[in-house]
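# Residue-level structural notes
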Amino acid sequence: MKHKANAPHVCCDALQQRKFPALSFLLPAVLLLAGCGDLPAPAQVRAAWRSSEALLLDRQGEPLQRSRVDKQLRRLDWVPLAAISPTVLPAVLGAEDRRFYQHHGVDWRALLSAGADSLGGEPRGASTLSMQLTGLLDADLRASGQRSIGQKLGQLRAALALEQDWGKAQIAEAYLNLAPFRGELVGIDAASRLLFGKAPAGLDQREALILASLLRAPNAPPERVAVRACALAHYLRASSSCASLRALTLASLGAPQQALPGPNLAPELAAQLKPQPGQQLRTSLDAGLQRRVRAILREQIAQLSGRNVRDAAAVVLDRQSGEVLAWVGQVGEGASARFVDGVLAPRQAGSTLKPFLYALAFERRLLTPASLLDDSPVALSTPAGQYIPQNYDRSFRGPVSVRLALAGSLNIPAVRTLLLVGLDDFHARLNALGLPLLQPAAYYGYGLALGGAEVQLIALSNAYRALANGGELSAWHLTPGKAQAGRAVQDAGASWLVGDILSDRLARAPAFGLDNPLATAAWSAVKTGTSKDMRDNWAVGFTERHVVGVWVGNANGEAMWDVSGVSGAAPAWRAIVALLGGSAQGPAMPAGVLRQTVRYQPEVEPAREESFLAGTEQARIELAASQLGPSIVYPAEGMIVALDPDIPISRQRIWLRASQAEGLSWWLDGQRLGSANGPLAWQPQPGLHRLGLGSSATQWRDSVRFQVRGMRPG
């Protein structure tokens, strides 16, 4: 802090009127050679103090997180003199200003003695606490190496002026708070807590001696500080032994800095909110909820410790306002990448994108929750080769309704739905929902239906918030306040239908059972997801009032061992929802949605009450005969198979696969190859081929033509 004089004669006149003791004859020379400027009042200095830390508060004002913001110096709180141990000031005065209570800012006797010693070749300082404090208050008076004559005279003048308005206690308090003690540590609070792990009020005599010995040379080697502390203890006739002083000095100055006490509930938020040094910033978080969510994640990671799972993240959003109520980006010790915020790190979404795909199909009137999709093997040609999606359990269910397909997270029906709505349109919808995909649609291909894109947990949770709010998207925020203006990105009726399916326990039961980690006491709609190679695990959903998103995995990208969304993220998600509570009643059906009894012919699913967008309702759904029969899964119609020239043709095989083919046989170019009950390995032969699936050479249920290119057997 730098202060310049506006009226130099004011303080000069005050000094000249003051009665000084012996050697005050030097005062006129001081006033002649050095200007006289105004110095701040004690209250101004205290008000200008800025801690290097920022304090984040929760929505009720409870301390949530202390984070260092200023990386240059380490300052903590300003400590009143009465809150500093009585051992400190005597030690400091013994080291720096032994006649503190006798002089009026300048110790003329010590100054004269120091001058004589300097002439004799033994230079030493004679700066009083008041003189040193002026250097801490005014950069022009601060020494950087050897002080100039002008600086020294300026300090003399400023110290004399300082004591006109400041009391001794105020000078001592300001000095102890502004003085550098060691390295980056400035002020008694930082030095006490980070060197000794205690508040200034708890400093004992040995610690006070060490701190006082640091003032003259804050960065001196520990051994030299110990020698100085022993000498100071001898001068003050302290009871501390030199051996114990030396041991404590070497231990405290040689060890890493102590951890600061206080809240550490949301270390990830400082990077998001960017508070200023010394700022107390109120956030939208709930400290109690934040604490319990973090505990839930740690407990879940402990449960999964034997499955190579070390990281987890979770967010809780207020459904209406978009306020973030809990944000846990990392669980702490044991993490695979401790500085990665799992709330913001892009990870592969898995099946958590399927609800938005089906909502788009409902909105376009391409499907209804009662529509039947074929859950049987399919091979799709892509520029990169054949894409053959599979369900998580590797089984196929044949014709299945959209309700059961989404609730059971079936992959093949999702891919067939993507074929209906279009890859580019689904890609655009995800971007509109606040899930910015870094690559064009073609990059993801059909895998986009299964969550092949990377998303952030916070963005995904906010997209589910849009789903919960009738398709209206608005921004999430970390400070208290009302919801920002939103925009409709998805049809309200289609959004409600998806939420209705995601809350349907009976529809989920065939895949997950009735008693599973997704079943909650309050009404909730939820979707799980697992990325390929089991690297990411999700559970995201909403209740009447909240949106909860949980991610489990390894931040360093390692795969988990046999962990799915239901076993990994879902238990933590369920525990958080139980913590939040809520109504057992779901949201009311919006206008434009109606219920209708639907029956299937043949009865692939029991008759039930189903929800429809008005105009799409059906009382009866008949399945075409072609949808019921066996089919060839691989190879696909028109496929070209290239033989590998580096592998003998006798060692190469093509695996023939079929669906619902019990009792049927493979027929290739009119010749029976074998049973089609399971995959069959066929040694490829170059040329055009026709493959049939049937009971005889002439009675086929399905057939394809394909070509094999490459070398002929030699």
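Computed from a predicted structure; not experimentally measured.

Conventions and cut-offs
Residues numbered from 1 in each chain as written. Predicted model: local features only at pLDDT ≥ 70, side-chain atom pairs only at ≥ 80, totals over all residues. Heavy atoms only, no water. Helix = DSSP H or I, 4+ residues; strand = E, 2+ residues; numbered from the N terminus. Buried < 20%, exposed > 50% of the residue type's maximum accessible area, 1.4 Å probe, protein only. Contact = heavy atoms within 4.5 Å. Areas by Shrake-Rupley, 256 points an atom, 1.4 Å probe, with all protein chains shown as cover. 1 Å grid on protein atoms, 1.4 Å probe; cavity = no way out; pocket = protein on both sides within 12 Å on 5 of 7 lines; lining within 4 Å. Points joined across faces, edges and corners; volume = space filled by probe spheres on them. Nonpolar A, V, L, I, M, F, W, Y, C, P; charged D, E, K, R; others polar. Axes fitted to C-alpha atoms, helices over the stretch in contact; angles between N-to-C directions. Left-handed = near helix turned anticlockwise from the far one by under 90°. pLDDT = per-residue confidence, 0-100. Pairing = 2+ DSSP bridges. Phe/Tyr/Trp six-rings, centres within 6.5 Å; stacked < 30°, edge-to-face > 60°.

Along the chain, the regular secondary structure elements total 23 helices and 29 strands. Burial statistics for the chain: of 714 residues in total, 52% are counted as buried. Expressed as a percentage of contacts within the chain between residues at least 6 apart in sequence, the contacts between residues at least 24 apart total 68%. If you sum the accessible surface of the chain, you get close to 31,700 Å²; carbon and sulfur atoms cover 52% of it.

A full pass over the atoms with the stated rule returns 1 cavity of 30 Å³ or more. Of the pockets and cavities examined, the largest cavity occupies roughly 60 Å³. What lines the largest cavity is simply Leu406, Ala407, Ser409, Ile501, Leu502, Arg508, Phe512, Leu518, Val526, Lys527 and Thr528. Tallying contributions element by element places strand β16 (residues 525–530) first for the lining of the largest cavity, with 3 residues. Among the residues forming the lining of the largest cavity, the class breakdown is 7 nonpolar, 2 polar and 2 charged.

What follows covers the packing of helix α11 (residues 222–236) against helix α12 (residues 242–254). Here α11 crosses α12 at 145 degrees, and the two axes come no closer than 9 Å. Considering how the two elements wind past one another, α11 and α12 form a crossing that is right-handed. Of the residues in α12, those touching α11 at Pro222, Glu223, Val225, Ala226, Ala229, Cys230 and Ala233 are Cys242, Leu245, Arg246, Thr249, Leu250 and Leu253. For the contact of α11 with α12, a count of residues per class yields 10 nonpolar, 1 polar and 2 charged.

The next point concerns the confidence of the model for the chain. Counting all residues, the mean pLDDT for the chain is 87, and 87% of those residues have values of 70 or more. Below a pLDDT of 50 lies the segment residues 1–36, which in the model reaches 62 contacts outside its immediate sequence neighbourhood of four places, other chains included. Contacts of residues 117–124 to residues separated by more than four positions or lying in other chains number 7 contacts, the stretch itself having pLDDT below 50.

Right, let's talk about the pairing of strand β24 (residues 654–659) for a bit. Judged from the 3 bridges that link them, strand β22 (residues 631–634) and β24 form a sheet pairing that is antiparallel. When the sheet's bridge partners are listed, Ile632 is paired in β24 with Ala658. Sheet analysis places β24 next to strand β27 (residues 680–682), joined by 3 bridges and oriented antiparallel. Bridging across to β27, Ile654 finds its partner in Trp682.

Our next topic: the sheet that holds strand β29 (residues 700–709). Pairing within the open sheet is mixed, and its 5 strands lie in the order β23-β29-β28-β25-β26. Only two strands of the sheet have a single neighbouring strand rather than two, namely β23 (640–642) and β26 (671–675). Taking the axes of each pair of neighbouring strands and ignoring which way they run, one obtains an average angle of 30 degrees across the sheet. Of the strand pairs in this sheet, strand β25 (residues 665–668) and β26 are connected by 4 bridges, and their pairing is antiparallel. Within the sheet, the bridge partner assigned to Trp667 lies in β26 and is Arg672.

Moving on, we get to the packing of helix α10 (residues 205–214) against α11. At a minimum axis distance of 9 Å, the contact between α10 and α11 shows a crossing angle of 115 degrees. Every pair of crossing elements has a handedness; the one defined by α10 and α11 is right-handed. Between α10, through Leu209, Ile210, Ala212, Ser213 and Leu214, and α11, the contact on the second element is made entirely by Val225, Arg228, Ala229, Leu232, Ala233 and Leu236. For the contact of α10 with α11, a count of residues per class yields 9 nonpolar, 1 polar and 1 charged.

This model, assessed by the stated rule, comprises 7 aromatic pairs. Centroid distance Phe100 to Tyr101: 4.9 Å. Interplanar angle 75 degrees. Geometry classified as edge-to-face. Residue Tyr101 is classed as exposed on the basis of its relative accessible area of 53%. Pairing Trp523 with Phe542 gives two aromatic rings, centres 5.9 Å apart and planes at 50 degrees, and the pair type is tilted.

What follows covers helix α9 (residues 188–196). Among the 9 residues in α9, 8 count as buried, and that is most of the element. Among the residues of α9, those classed as buried are Ile188, Asp189, Ala190, Ala191, Ser192, Leu194, Leu195 and Phe196. Where the residues of α9 are buried, they touch α4 (88–96), α8 (168–178), β3 (180–182), β4 (185–186), α10 and α12. Following α9 by one or two positions, Gly197 adopts a phi angle in the positive range, close to 70 degrees.

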